Amino acid sequence: MAKSIDYGNLMHNAMRGLIRQVLLDVRKDGLPGDHHFFITFDTMHPDVELADWLSDRYPEEMTVVIQHWFDNLEVNEDSFSITLNFGDSPEPLFIPYDAIRTFVDPSVEFGLRFETQEADDDDIDSDLDDVDDIATESEVADFSAAEPKKSDDTGPKEAEIVSLDKFRK
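An account of the accompanying structure is given in this report. Given the structure is predicted, the values throughout are model-derived calculations rather than measurements. (Residues numbered from 1 in each chain as written. Predicted model: local features only at pLDDT ≥ 70, side-chain atom pairs only at ≥ 80, totals over all residues. Heavy atoms only, no water.)

### Focus: the pattern of salt bridges
Phase 1 of the analysis: All told, the structure shown has five salt bridges when counted by the stated rule.
Phase 2 of the analysis: Across the pair Asp42 and Arg101 runs a salt bridge, and its minimum N-O distance is 3.7 Å. Remark: Arg101 occurs in strand S6 (residues 100-105) and Asp42 occurs in strand S1 (residues 37-42); sequence separation between them is 59 residues.
Phase 3 of the analysis: The exposure class assigned to Arg101 is partly exposed, which follows from its relative accessible area of 31%.
Phase 4 of the analysis: Counted as one network, the salt bridges with shared partners bring together Asp42, Glu61 and Arg101. (Salt bridge = Lys/Arg side-chain N within 4 Å of Asp/Glu carboxyl O. Helix = DSSP H or I, 4+ residues; strand = E, 2+ residues; numbered from the N terminus. Buried < 20%, exposed > 50% of the residue type's maximum accessible area, 1.4 Å probe, protein only.)

Quick look at the structure:
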């Protein structure tokens, strides 16, 4: 029997299950209302599959936007695949859930961040000041031709970010 309960890994598994369920719903019914996702993932993860030119351009991490155009969304137990448009070039991506670093839906101010043991608390705080920082600090890899909708709000919305490092030993 284990000496302690590994709450960090249990929470990460639950958060990955949440992302899986959201993607299953999107696959079945499409994106409702103004919902859209910024998903940042580790391009060096051994099971990530993407075009060579994308991995050359994004050698460590990549943020994709699922919003205006996507195709072939397949949701599996431990991964998902999707085709996104980069310029006028549709490219398939295969992303295991454990490669995901952040998942943000700015339309409802919701976000998840998966922490690693080597992450520094100061980096976490500065990286996640608001949703716009996630989209601009990491290069956003959605080059779809559709224009984003203009918001009537006067300022950026902050995302609710869940950080688990506080609970790890």
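### Topic: the sheet that holds strand S4 (residues 79-86)
Phase 1 of the analysis: Ordered by their spatial adjacency, three strands build an open sheet running S3-S4-S5, and the pairing between neighbours is antiparallel. Both edges of this open sheet fall to strand S3 (70-75) and strand S5 (89-96), since each of them pairs with a single strand only. Neighbour-to-neighbour, the strand axes of this sheet turn through a mean angle of 15°, independent of strand direction.
Phase 2 of the analysis: The pairing of S3 with S4 spans four bridges and is classified as antiparallel. Within the sheet, the bridge partner assigned to Phe70 lies in S4 and is Leu84.
Phase 3 of the analysis: Across the sheet, helix H1 (residues 7-29) is in contact with S3 and S4; its angle to S3 comes to roughly 130°. (Pairing = 2+ DSSP bridges. Axes fitted to C-alpha atoms, helices over the stretch in contact; angles between N-to-C directions. Contact = heavy atoms within 4.5 Å.)

### A short note on the packing of aromatic side chains
Phase 1 of the analysis: This model, assessed by the stated rule, comprises three aromatic pairs.
Phase 2 of the analysis: Measuring from ring centre to ring centre gives 6.1 Å for Phe80 and Tyr97, while their planes differ by 25°; the resulting arrangement is stacked. Of the two residues, Phe80 sits in strand S4 while Tyr97 sits in the loop between S5 and S6, which places them 17 residues apart along the sequence. There is no split in this pair, since Phe80 and Tyr97 are both buried. (Phe/Tyr/Trp six-rings, centres within 6.5 Å; stacked < 30°, edge-to-face > 60°.)

### What about the nonpolar core?
Phase 1 of the analysis: In this structure, Ile19, Ile39, Leu54, Met62, Phe80, Leu93 and Ile100 are the most contacted members of the largest nonpolar core, which totals 29 residues.
Phase 2 of the analysis: Going through the elements one at a time, H1, S1, strand S2 (61-66), S3, S4, S5 and S6 are the ones with two or more residues in this core.
Phase 3 of the analysis: Leave out the neighbours within four places in its chain, and Phe80 touches Leu23, Ile39, Leu73, Glu74, Val75, Leu93, Phe94, Ile95, Tyr97 and Ile100. (Core = buried A, V, L, I, M, F, W, Y, C linked by side-chain atoms within 4.5 Å.)

### Looking at a negative patch on the surface
Phase 1 of the analysis: Taken together, Asp47, Glu49, Asp78 and Asp98 make up a surface patch of like negative charges.
Phase 2 of the analysis: Within the secondary structure layout, Glu49 lies in the loop between S1 and helix H2 (52-57). (Patch = residues over 30% accessible without salt bridge, like charges linked within 9 Å, V, L, I, M, F, W, Y side chains within 5 Å. Areas by Shrake-Rupley, 256 points an atom, 1.4 Å probe, with all protein chains shown as cover. Lys, Arg positive; Asp, Glu negative; His and termini not counted. Charge placed at Lys NZ, Arg CZ, Asp CG, Glu CD.)

### Side note on H1
The α-helix winds at 3.6 residues per turn, so residues separated by three or four positions along the chain end up facing the same way.
Phase 1 of the analysis: For H1, spanning 23 residues, the distance from its first C-alpha to its last is 33 Å, which sits close to the expected 33 Å at 1.5 Å a residue.
Phase 2 of the analysis: Residues of H1 that are buried include every one of Gly8, His12, Met15, Arg16, Ile19, Leu23 and Val26, and no others.
Phase 3 of the analysis: In the segment just after H1, Gly30 is the residue with positive phi, at about 80°. (Expected span 1.5 Å × (residues − 1).)

### Observations regarding a nonpolar patch on the surface
Phase 1 of the analysis: Together, Ile5, Tyr7 and Leu10 line one region of the surface with nonpolar side chains, adding up to about 350 Å² of accessible area.
Phase 2 of the analysis: Here Leu10 is to be found in helix H1.

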